[in-house]
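Observations on the model geometry
One-letter residues, chain by chain:
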Amino acid sequence: MISDISRILSDLSADPGISMVVLYRIDGVPISLKVNAPIQELTSFLYWLEKQIKEMLHQIFYRNLDEASFKLRDKQIRMYPVSRTLVLGVMANEEASTYKLEIDVKTVCKQLRSIVNY
């Protein structure tokens, strides 16, 4: 199952507009992480996100949101519920195509749900 999740996330992170893709458990623990940028560029984002993740996940699940997104400098960070216990996080460059990103993320969420038996 982990190898299937890794493959699916790798396909999504292959897009040059996407800097990072991560699958989180609801308690904030990352299950799988794919980075498509130099880690030095993402360190401050990852540190900030680590501090915010539990509150973000709480808001997504308890307010029944389809997505939570925000911008930080030149990055957009979006979080999508995959199941009752998993959230997909995507960090994209500001110039990434929003339309393509939405289609790709919906496809990935559907694939992940079939693996985790949503």
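Details of the structure are given in the entry above.
Residues numbered from 1 in each chain as written. Predicted model: local features only at pLDDT ≥ 70, side-chain atom pairs only at ≥ 80, totals over all residues. Heavy atoms only, no water.

**Looking at the overall build of the protein chain**
Put simply, the rule is: Working definition: helices are DSSP H or I runs of at least four residues, strands are E runs of at least two. Numbering for both runs from the N terminus. Every radius of gyration here is taken over C-alpha atoms, with the globule rule written as 2.2 Å times N^0.38, N being the number of residues. Under the scheme applied here, a residue whose accessible area is under 20% of the maximum for its type counts as buried, over 50% as exposed, and between as partly exposed, the area being computed with a 1.4 Å probe on protein chains only. Any two residues whose heavy atoms approach within 4.5 Å are treated as being in contact. Working definition of accessibility: Shrake-Rupley area with a 1.4 Å probe, residue cover restricted to the visible protein chains. Charged-residue counts in this description rest on Lys and Arg as positive and Asp and Glu as negative, His and the chain ends being excluded. Charged groups are reduced to one reference atom each: NZ for lysine, CZ for arginine, CG for aspartic acid, CD for glutamic acid.
Along the protein chain, the regular secondary structure elements total three helices and five strands. Secondary structure elements of the protein chain, listed N to C terminal, follow the sequence α-β-β-α-β-β-β-α. Here the C-alpha atoms of the protein chain give a radius of gyration of 13 Å, agreeing with the 13 Å that 2.2 N^0.38 yields for 118 residues. Summarising its shape, the C-alpha atoms of the protein chain cover approximately 35 × 30 × 25 Å along the three principal directions. When burial is assessed residue by residue, the protein chain has 44% of its 118 residues classed as buried. Sequence separation of at least 24 residues holds for 50% of the intrachain contacts in the protein chain that already meet a minimum separation of 6. Counting only carbon and sulfur atoms, one obtains 52% of the accessible surface of the protein chain, whose full area is about 6,900 Å². Put simply, the protein chain has 15 plus and 14 minus side-chain charges, and the middle of one group is 5 Å from the middle of the other.

**A short note on unusual backbone geometry**
Located in the positive-phi region is asparagine 64, a residue other than glycine, with phi close to 55 degrees. Relative to the assigned elements, asparagine 64 resides in the loop between helix H2 (39-62) and strand S3 (68-72). A positive phi angle is found at arginine 73, which is not glycine, with a value near 55 degrees. Looking at where arginine 73 falls in the secondary structure, it is placed in the loop between S3 and strand S4 (75-81). By relative accessible area, arginine 73 is classed as exposed at 60%.

**Quick word on the pairing of S3**
Note the cut-off: Being paired, for any two strands, means DSSP has found at least two bridges between them.
Relative to S4, S3 is paired through five bridges, and the arrangement is antiparallel. Looking at S4, one finds that leucine 72 is bridged to lysine 75.

**Structural notes on the sheet that holds strand S2 (residues 30-35)**
Adjacent strands of a sheet form backbone hydrogen bonds with each other and so pair up, either parallel or antiparallel. Short version of the rule: Here an angle of 0 to 180 degrees is reported between the N-to-C directions of two axes, which are lines fitted to C-alpha atoms, with helices fitted over the stretch in contact.
An order of S2-S1-S5-S4-S3 is seen for the five strands of this open sheet, with the pairing classed as antiparallel. The strands lining the two open edges of the sheet, one partner per strand, are S2 and S3. Adjacent strand axes in the sheet meet at a mean angle of 15 degrees, parallel and antiparallel pairs treated alike. Examined bridge by bridge, S4 and strand S5 (residues 86-93) share seven bridges and lie antiparallel to one another. Bridge assignment links tyrosine 80 to a residue of S5, and that residue is leucine 88. Set on the sheet, H2 makes contact with strand S1 (18-25), S2, S3, S4 and S5; between it and S4 the angle comes to about 35 degrees.

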